[in-house]
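Listed here are the chains, written in short residue letters.
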Amino acid sequence: MNPSHIFYLLIGIIIVDYIIHTILDSLNASHYSDAIPHELRDVYEKEEYQKSMEYKRTNHSFHQLTSFFSITITLLFFFFDGFAVVDTLARSISDNEITISLLFFGMIIIGNDLLNLPFSYYQTFVIEEKFGFNKTSKTTFVFDKLKGWLMTAILGGGILALIIWFYQLTEARFWLYTWMVIAAVIFIMNMFYTKLIVPLFNKQKPLETGSLRDKIETYASEVGFTLKNISVIDGSKRSTKANAYFSGIGSEKRITLYDTLINDLNEEEIIAVLAHEVGHYKKNHIIINLILSILITGFTLWVLSLLIGNPALSIALGVPKPAFHIGFIAFGILYSPISELTGLLMNWISRKFEYQADNYAKNTFTAESLITSLKKLSKNNLSNLTPHPAYVFMHYSHPTLLQRIKNLNA
């Protein structure tokens, strides 16, 4: 294909993606003032509901601003040969192709992060602060950013260096070796996420002995769920929002409760949330998601192997000398429509899994406690109770609160 045609195809994909998501955001915003469904009337008091609508509108306006800024910078980068400038700068530092690629992506990632830093700061210390969510100190904010860069450099840089090395050695078959490495990383991260990654950002401690732990262990025993690790994470260090999640496989499986969840819910509601997480394990959702992620990764890498060697990709971005990192940028944009489709599929599967986990909690514990816990969490997070169906279809990995309650009451 002609490089100029590829260039305008890339621009077209970026603009169409921006338009679609802007329309979806606007459709969703148009439902903010909808009447609350009868089943959800007890979630908010009148003043709290007004606060939730203000929170949604504030975030919508802010997202519109950041999205417009992002696409403007991206298009300027394309039309003024920004990739060629960064490539030239990287080549002025080293003549090793792997090092050049690492420098190229490092400058792109850090540059993008610095451009978005004011927005991230405003989101955390103005918007989240205004609505009573933020607990992050400025020191924590800075160290989180530095730790994120360090992790990206070590993990992302290491994987990228391996990919390019495989490409230099095997060319057409590099995707197979890369797939094996990334599959191993995905598996390790699923197994040891709470041991390897979480401690870098949060403190974890075992759930203290007492009534709650006794009830959790009793429930786990009743449903035949071997549970040795119940952790509490200091989520209140950054936000008042609550959460719980399941991680690990086999002997490494672990339930993690945010301290904010323990503060917001009573013991019966916490057990119901935990029963939902156990449902994910019992229904093999963890394994299925792991397999699907690995399969999608393999497909993506195979498509990459078909396109990455085309010199027209580099020329389209203003770089006359073909390079893996330039072709990778072009591929990422060309592949984004397919990525949207696989994302839709994964969200659809995820919503199905959430219903199944809810049903498991209903059948092995109580529907009532799970319903009240979901309502409390939605209230405390100022969640949107009336999202547009199209927005839910495109973006939600969980069913809406109304859909979940109707299912639990069925």
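Within the protein chain one finds 16 helices and four strands. Whereas a compact globule of 410 residues would reach a radius of gyration of roughly 22 Å, the protein chain reaches 23 Å, a difference of no more than 12%. With the principal axes as the frame, the protein chain shows a C-alpha extent of 65 × 45 × 40 Å. Within the protein chain, the proportion of its 410 residues that are buried is 45%. A fraction of 77% describes how many contacts in the protein chain between residues 6 or more apart in sequence connect residues 24 or more apart. Surface accessibility of the protein chain: about 20600 Å² in total, with carbon and sulfur atoms responsible for 64%. If the 34 positive side-chain charges of the protein chain are averaged to one point and the 34 negative ones to another, these points end up 2 Å apart.

Moving on, we get to the pattern of salt bridges. Under the definition given, this model contains twelve salt bridges. The residue aspartate 87 makes a salt bridge to arginine 91 at a minimum N-O spacing of 3.1 Å. Of this pair, aspartate 87 and arginine 91 both sit in helix 3 (residues 82–93), four residues apart, which is roughly one turn of that helix. Since its relative accessible area comes to 5%, aspartate 87 is described here as buried.

A few words on the packing of aromatic side chains. Scanning the entire structure with this criterion turns up 30 aromatic pairs. Taken together, a centroid distance of 5.9 Å and an interplanar angle of 90° make the contact between phenylalanine 105 and phenylalanine 328 edge-to-face. Of this pair, phenylalanine 105 sits in helix 4 (residues 97–130) while phenylalanine 328 sits in helix 13 (residues 324–364); the two residues are 223 residues apart in sequence, bridging distant segments of the chain. Residue classification places phenylalanine 105 among the buried residues on the basis of a relative accessible area of 13%. Plain terms: the ring middles of tyrosine 121 and phenylalanine 141 are 5.9 Å apart, the flat faces sit at 85° to each other, and that makes the pair edge-to-face. Residue tyrosine 121 is found in helix 4, and its partner phenylalanine 141 is found in helix 5 (residues 138–170); the two are separated by 20 residues along the sequence. A network of ring pairs unites the aromatic residues Phe104, Phe105, Tyr167, Phe174, Phe299, Trp302, Phe324, Phe328, Phe331 and Tyr335 as a single cluster. Positioned above the aromatic ring of phenylalanine 201 is the side chain of lysine 147, whose terminal nitrogen or guanidinium carbon lies 5.9 Å from the ring centre.

Here the focus is unusual backbone geometry. Even without a glycine there, the phi angle at aspartate 81 is positive, about 55°. For aspartate 81, the position within the fold is in the loop between helix 2 (46–79) and helix 3. Residue classification places aspartate 81 among the partly exposed residues on the basis of a relative accessible area of 37%. Its identity as a non-glycine residue notwithstanding, leucine 382 has a phi of 50°, on the positive side. Considering the arrangement of structural elements, one finds leucine 382 in the loop between helix 14 (367–380) and helix 15 (389–395).

Residues Tyr8, Leu76, Phe79 and Phe80 make up a contiguous nonpolar surface patch of about 490 Å² in total accessible area. Mapping tyrosine 8 onto the fold places it in helix 1 (residues 3–29).

With that settled, the discussion passes to the pairing of strand 2 (residues 230–233). Successive side chains on a regular strand alternate, one facing one side of the sheet and the next facing the other. Residues Ile230 and Val232 line one face of strand 2 and the alternating positions Ser231 and Ile233 line the opposite face, and both faces are buried. Summarising the sheet, strand 1 (residues 204–206) and strand 2 pair through three bridges and their orientation is antiparallel. The residue bridging proline 206 from the neighbouring strand is serine 231, located in strand 2. Pairing of strand 2 with strand 4 (residues 254–258) involves four bridges; the strand directions are parallel. Looking at the pairing, serine 231 lines up with threonine 256 of strand 4.

Moving on to the environment of isoleucine 127. Among the structural elements, isoleucine 127 can be located in helix 4. Counting along the chain gives 65 residues from isoleucine 127 to phenylalanine 62, while the straight-line C-alpha distance between them is 9.1 Å. Among all residues touching isoleucine 127, those that are not within four sequence positions of it are Tyr55, Thr58, Asn59, Phe62 and Tyr122.

The rules behind each value
- Residues numbered from 1 in each chain as written.
- Predicted model: local features only at pLDDT ≥ 70, side-chain atom pairs only at ≥ 80, totals over all residues.
- Heavy atoms only, no water.
- Helix = DSSP H or I, 4+ residues; strand = E, 2+ residues; numbered from the N terminus.
- Rg over C-alpha atoms; globule rule 2.2 N^0.38 Å.
- Buried < 20%, exposed > 50% of the residue type's maximum accessible area, 1.4 Å probe, protein only.
- Contact = heavy atoms within 4.5 Å.
- Areas by Shrake-Rupley, 256 points an atom, 1.4 Å probe, with all protein chains shown as cover.
- Lys, Arg positive; Asp, Glu negative; His and termini not counted.
- Charge placed at Lys NZ, Arg CZ, Asp CG, Glu CD.
- Salt bridge = Lys/Arg side-chain N within 4 Å of Asp/Glu carboxyl O.
- Phe/Tyr/Trp six-rings, centres within 6.5 Å; stacked < 30°, edge-to-face > 60°.
- Lys NZ or Arg CZ within 6 Å of the ring centre and 35° of its normal.
- Patch = residues over 30% accessible without salt bridge, like charges linked within 9 Å, V, L, I, M, F, W, Y side chains within 5 Å.
- Pairing = 2+ DSSP bridges.

The analysis is restricted to geometry; functional conclusions fall outside its scope.
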